[in-house]
Amino acid sequence: MRPPTPTAAFFKKPGENGETVKSFDCDLQLHGPYAGGVSKYLSIPLLAEQSRLKGLEILVTGDIQHQKWFEHVNAHLIENQNGVYMDKDEKTFFIIGTEVEDHHRIHHLIYLPDLTAAAEFREKVKPFGILDCSMCGRPKLRQSPEQLSQIVSDVGGFMGPGHSFTPYTGLFSRYDSVAEAYGDQAKKIPFLELGLSADTDMADTILSNHQYAFLSSSDAHSAWPHRLGREWNRIRLKEPSFKELETAVWDRSGERIEFNAGLNPREGKYHATACNLCYTQYPLRDAIESFKMKCPACGGDIKRGVADRIKMLSDTPTGKHPSFRPPYKHQLPLAEIIQLALFAKSPMTKNVQSKWRDYIDVYKDEINVLIDAPESELIETNPEIGNKIKAFRNGLVYYTPGGGGKYGEPHLFDSQKEMDQFVLEAGKRSREKNKFSGQKSLKGF
Ligand SMILES: [Zn+2]
Ligand SMILES: [Zn+2]
């Protein structure tokens, strides 16, 4: 077996029995090219290439029950050991996994021991849905969470809910707890995935969540560096293997998940309660009582935001966590920081991408730039951008919250004073907007 390549994230620490554990930066949710809205050019070599530039060491294959993607994965990965695979250039480790939708449209993330188990899983779920159409990389299966968990455990895998708090398809959009959804199978569920619109502080205000590990994943639909690895986990493993990953996710005492990293939840597109057409945001109470969840400004549907859903279920003060809970580091993808520094329209413009590449050429990968590299050097590389990275690291960032399907907007500042002024004005603008929507609504009723 080839040892993992050291990266900026690499470190060694003696384990309980004198064993060496290493930390791996893992993105454990993404899609293959046969899921809705995914680029048809997405491939294992592209994911492997991009993940190294990002600084990720372990990815999930995604969508593994899809026959064509399975064949692609099988042709492009070689088994490294014990259920972990590598691309042929030995850039990235891959774990076998997928996301499925259950009979009530709730999404679940599934991890499987190897490709043989994936083939068995495919056979077992085949009777319950269409697996191989061009858009069903994430298949809809006529199975309850309990039934799915039974199938997954029969083939030796483990699972938990994906983007657990989002409207439409998150577990908490229908259930009040993980246990309620999985019934008798609940004891087999080791984790819940937070999704882009929530973080650890929010999720732990629900006491029943304290028994689960939290994972944070990108749910990437492309390999662009502001999508792949926009959320990830640093996990300590004795070796990269399926069993070790499963052990780490179950571990409640060994600090195996070192930290979660991801967007500030305000950047998530379902953070606040908002209209799904014009994105006007509403206090939940007004949305329900005055507007019956119909937008008074445009007639669209108002979608209850993740923050409000969590508040409804909250029974524990913010900041109270179980002892094993790791920190959650808010991240902004480097391409988005560069976009802000250059006042560019999108993180995908040529200029932003070329500056992003300059940083990667110097610092090897994005996680190194965002977390580990010294600020003085980052500024020396490019003062304009380096200072924005520094501002981000020092918390000089404010997010206009997302909602209704529209991402929130980050704003970076050169000083605390500048930020305070912006926040004050943003508050005024939002109060004005609410007043305006309210007046409009009175005419409408
Ligand atoms: Zn999903
Ligand atoms: Zn509207």
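Sequence order as written defines residue numbering, which begins from 1 separately in each chain. Chains carry letters and ligands carry numbers; both start at the beginning, A for chains and 1 for ligands, and go up in the order they are written. Side-chain atom pairs in this predicted model are given and counted only at pLDDT of 80 or more, local residue features only at pLDDT of at least 70, and totals for whole chains, interfaces and linings cover all residues. Side-chain figures throughout are based on the complete set of non-hydrogen atoms in the structure, without hydrogens or water.

Chemist: What is the right way to look at the coordination of the zinc ion (ligand 2) in this model?
Modeler: Metal coordination angles in their ideal form are 109.5 degrees for the four-donor tetrahedron and 90 or 180 degrees for the six-donor octahedron. For Na, K and Ca the donor cut-off is 3.2 Å, while for other metals it is 2.8 Å, and in both cases only N, O and S atoms qualify; water is not among them, so sites may look incomplete. Within the first shell, the zinc ion (ligand 2) binds the protein through Cys275 (SG), Cys278 (SG), Cys295 (SG) and Cys298 (SG), at distances of 2.2 to 2.3 Å. Between 85 and 135 degrees for all angles marks four donors as tetrahedral; over 155 degrees for opposite donors together with 65 to 115 for all other angles marks four donors as square planar and six as octahedral; every other arrangement is irregular. Angles of 101 to 115° at the metal separate the four donor atoms of the zinc ion (ligand 2), which places the site in the tetrahedral class. Buried, partly exposed and exposed residues are distinguished by accessible area as a fraction of the type maximum, computed with a 1.4 Å probe on protein chains only: under 20%, between the cut-offs, and over 50%, respectively. For Cys275, a relative accessible area of 0% corresponds to the buried category.

Chemist: In this structure, what is going on with helix H2 (residues 67-76)? I would like to understand it.
Modeler: In an α-helix, one full turn covers 3.6 residues, which means residues spaced three or four apart are oriented alike. Going along the chain from the N terminus, every DSSP run of H or I of four or more residues is numbered as a helix, and every run of E of two or more is numbered as a strand. Along H2, the positions that sit buried rather than exposed are Trp69, Phe70, His72 and Val73. Looking down the long axis of H2, one finds its buried residues gathered within 165° of arc, a one-sided arrangement. Throughout, the arc means that of the directions going from the helix axis to the C-beta atoms.

Chemist: Before we go on, may I ask you to explain the nonpolar core in this structure?
Modeler: Generally speaking, a soluble globular protein has its nonpolar side chains buried in company with each other. Only buried Ala, Val, Leu, Ile, Met, Phe, Trp, Tyr and Cys residues count toward a nonpolar core, and they belong to the same one when joined by side-chain atoms within 4.5 Å. Counting 85 residues, the largest nonpolar core has Leu47, Tyr111, Leu112, Phe121 and Phe165 as its most contacted members. Contacts are residue-level and defined by heavy atoms, with any inter-residue pair within 4.5 Å sufficient. Residues in contact with Leu47, not counting those within four places in the same chain, are Leu30, Leu42, Leu59, Trp69, Phe94, Ala223 and Leu228. Of all hydrophobic cores here, the second largest spans 23 residues; its members include Ala335, Ile338, Trp356 and Ile389.

Chemist: Would you mind showing me how to read the state of the cysteines here?
Modeler: Two cysteines joined by a covalent bond between their sulfur atoms form a disulfide. Note on terminology: pairs of cysteine sulfur atoms within 2.5 Å are recorded as disulfides. Throughout the structure, instances matching the rule amount to one disulfide. In this model, Cys133 is linked to Cys136 through a disulfide, with the two sulfur atoms separated by 2.3 Å. Residue class for Cys133 comes out partly exposed when judged on its relative accessible area of 32%.

Chemist: Mind showing me how you'd approach the environment of Arg304 here?
Modeler: Following the sequence through the fold, Arg304 ends up in the loop between strand E14 (302-303) and helix H9 (306-313). Here the alpha-carbon distance between Arg304 and Leu237, two residues 67 residues apart in the chain, equals 38 Å. What Arg304 contacts, discounting residues up to four positions off in sequence, is Pro167, Ser173, Thr273, Leu284, Met293, Arg309 and Met312.

Chemist: When you look at the environment of Arg309 in this model, what are you seeing that I'm missing?
Modeler: Structurally, Arg309 can be placed in helix H9. Among the residues examined, Arg309 registers a relative accessible area of 7% and is labelled buried. Separated by 37 residues in sequence, Arg309 and Ala272 place their C-alpha atoms 9.5 Å apart. Not counting chain neighbours up to four residues away, the residues in contact with Arg309 comprise Phe172, Tyr175, Asp176 and Arg304.

Chemist: So what exactly am I meant to see when it comes to the coordination of the zinc ion (ligand 1) here?
Modeler: Bound to the zinc ion (ligand 1) on the protein side are Glu99 (OE), His107 (ND1) and His163 (NE2), at distances that span 2.0 to 2.2 Å. Binding-site remark: the zinc ion (ligand 1) is held by donors from one chain whose sequence spacing is E-x7-H-x55-H. Placement of the pair is His107 in strand E7 (residues 107-112) and His163 in the loop between strand E8 (158-161) and helix H5 (178-182), with a sequence separation of 56 residues. Judged by relative accessible area, which is 9%, His163 ranks as buried.

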